[in-house]
Amino acid sequence: MWSKTMTTTTEAPQAETLRLVDGGMNFDGVQALEDVSISVNSGEVVGLIGPNGSGKTTTLNLVSGMLQPTTGRVMLGDKELTRMSMRKRARIGIVRTFQSVRVFGRLTVAENIEVAALGCGLRRHEARELTEELLADLNLESVANTAAESSPAGLIRTIGIARALATRPKFLLLDEPAAGQNESEAVELIEAIRNISRRRACGVLLVEHDMSVVMSTCDRLHVLDSGRTVTAGLPQDIRHDPQVVEIYFGKRH
Ligand SMILES: Nc1ncnc2c1ncn2[C@@H]1O[C@H](COP(=O)(O)OP(=O)(O)OP(=O)(O)O)[C@@H](O)[C@H]1O
């Protein structure tokens, strides 16, 4: 619906692919990631999953530009971004959120979102319209006029996601967007993100611990273990992969 109403956002976005190619990361002798290739297309949600320490956050950091890989490349279509700073990547539409989110505490939830939209060049009425749509899409309408500082941690995280979406990213990188929420809340949030991403042709790469949450909400999954890719593909195929079953339901649990 926002693409129908927003004059500034009606241009059909060009379909693109963001990729980490053969990515490796070595931290002073600790090989956190090795030969990991992952791609996200416009309009799809890719879930990055794996046990603790498997390299999920490192992958997100390489794609967002927070870290530069020891080996491998980051590509947006044919353009290489490997050495591009996180700030510059954000400017070209590759936006990352963090588990701990900073909000303007004295502003309301709605104002927090609107400020983000204004900050990336929308006019006031456009920013307001986009804010209303995001409030509705992310089920934030009932708290729109409350001060952000009084919000619980889960809500602050959702405000952070709304603020990131208000910048109209091409690609959104989310580190455990539903941390601290129960399974049905997590599914609801990620489904909302998925609906927005489809409508906006925004690609989403998200880290999530809970296999059942990503199974029911993501278009594709990428499974890591010990810094390496175990498997990648459609959720229905991953579900029965013997290595995934071993990692999630085998001897480690
Ligand atoms: N800055 C760093 N310096 C040294 N080692 C690091 C650093 N960051 C990550 N590591 C190591 O790299 C490996 C992968 O860590 P990473 O945080 O990417 O895993 P993760 O899958 O996100 O884990 P979790 O689910 O626990 O958040 C781990 O062994 C971790 O200890």
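Residues numbered from 1 in each chain as written. Predicted model: local features only at pLDDT ≥ 70, side-chain atom pairs only at ≥ 80, totals over all residues.

Visitor: When you look at helix H6 (residues 153-166) in this model, what are you seeing that I'm missing?
Guide: One turn of an α-helix holds 3.6 residues; hence residues three or four places apart share an orientation. Here H6 contains 14 residues, and its C-alpha end-to-end distance of 20 Å stays within 8% of the 20 Å for a straight helix at 1.5 Å per residue. Summarising burial for H6: 10 of the 14 residues are buried, a large majority. Buried within H6 are the following residues: Arg157, Thr158, Ile159, Gly160, Ile161, Ala162, Arg163, Ala164, Leu165 and Ala166. Each element contacted by the buried residues of H6 is listed here: strand S6 (94-96), helix H4 (109-119), helix H5 (124-137), strand S7 (171-175) and helix H7 (183-200). Positive backbone phi, at 55 degrees, marks Arg168, one or two positions downstream of H6. (Helix = DSSP H or I, 4+ residues; strand = E, 2+ residues; numbered from the N terminus. Expected span 1.5 Å × (residues − 1). Buried ≥ 20, exposed ≤ 12 C-beta atoms within 10 Å, placed from the backbone. Contact = placed C-beta atoms within 7 Å.)

Visitor: Mind showing me how you'd approach the site of the ligand here?
Guide: The environment of the ligand is formed by Phe27, Val30, Ala32, Gly50, Asn52, Gly53, Ser54, Gly55, Lys56, Thr57 and Thr58. Of all the secondary-structure elements, those providing two or more residues to the shell around the ligand are strand S2 (30-41) and helix H2 (56-64). Sorting elements by how many residues they give to the shell around the ligand places H2 first, with 3 residues. Across the shell around the ligand, the residue classes break down as 3 nonpolar, 7 polar and 1 charged. (Near = placed C-beta within 6 Å. Nonpolar A, V, L, I, M, F, W, Y, C, P; charged D, E, K, R; others polar.)

Visitor: Honestly, H5 in this entry has me stumped. Any pointers?
Guide: In a regular helix each residue adds 1.5 Å, so 14 residues correspond to 20 Å; H5 covers 20 Å between its end C-alpha atoms and thus fits that length. Listing the buried residues of H5 in full gives Ala127, Glu129, Leu130, Thr131, Glu133 and Leu134. A positive phi of about 55 degrees marks Asn139, the residue just after H5.

Visitor: Teacher, can you tell me more about the pairing of strand S8 (residues 203-207) here?
Guide: Look at any regular strand and the pattern is simple: side chains alternate between the two faces of the sheet. Within S8, 5 of the 5 residues are buried, which leaves it mostly tucked inside the rest of the structure. By the alternation rule, side chains of S8 split into Gly203, Leu205 and Val207 and Val204 and Leu206, which are all buried. Relative to S8, strand S3 (residues 45-49) is paired through 4 bridges, and the arrangement is parallel. Directly across from Val46, in S8, lies its bridge partner Leu205. Crossover handedness for the path S7 to H7 to S8: right-handed. (Pairing = 2+ DSSP bridges. Right-handed = clockwise from strand over helix to strand, strands pointing away.)

Read these as layout, nothing more, since geometry by itself doesn't imply function.
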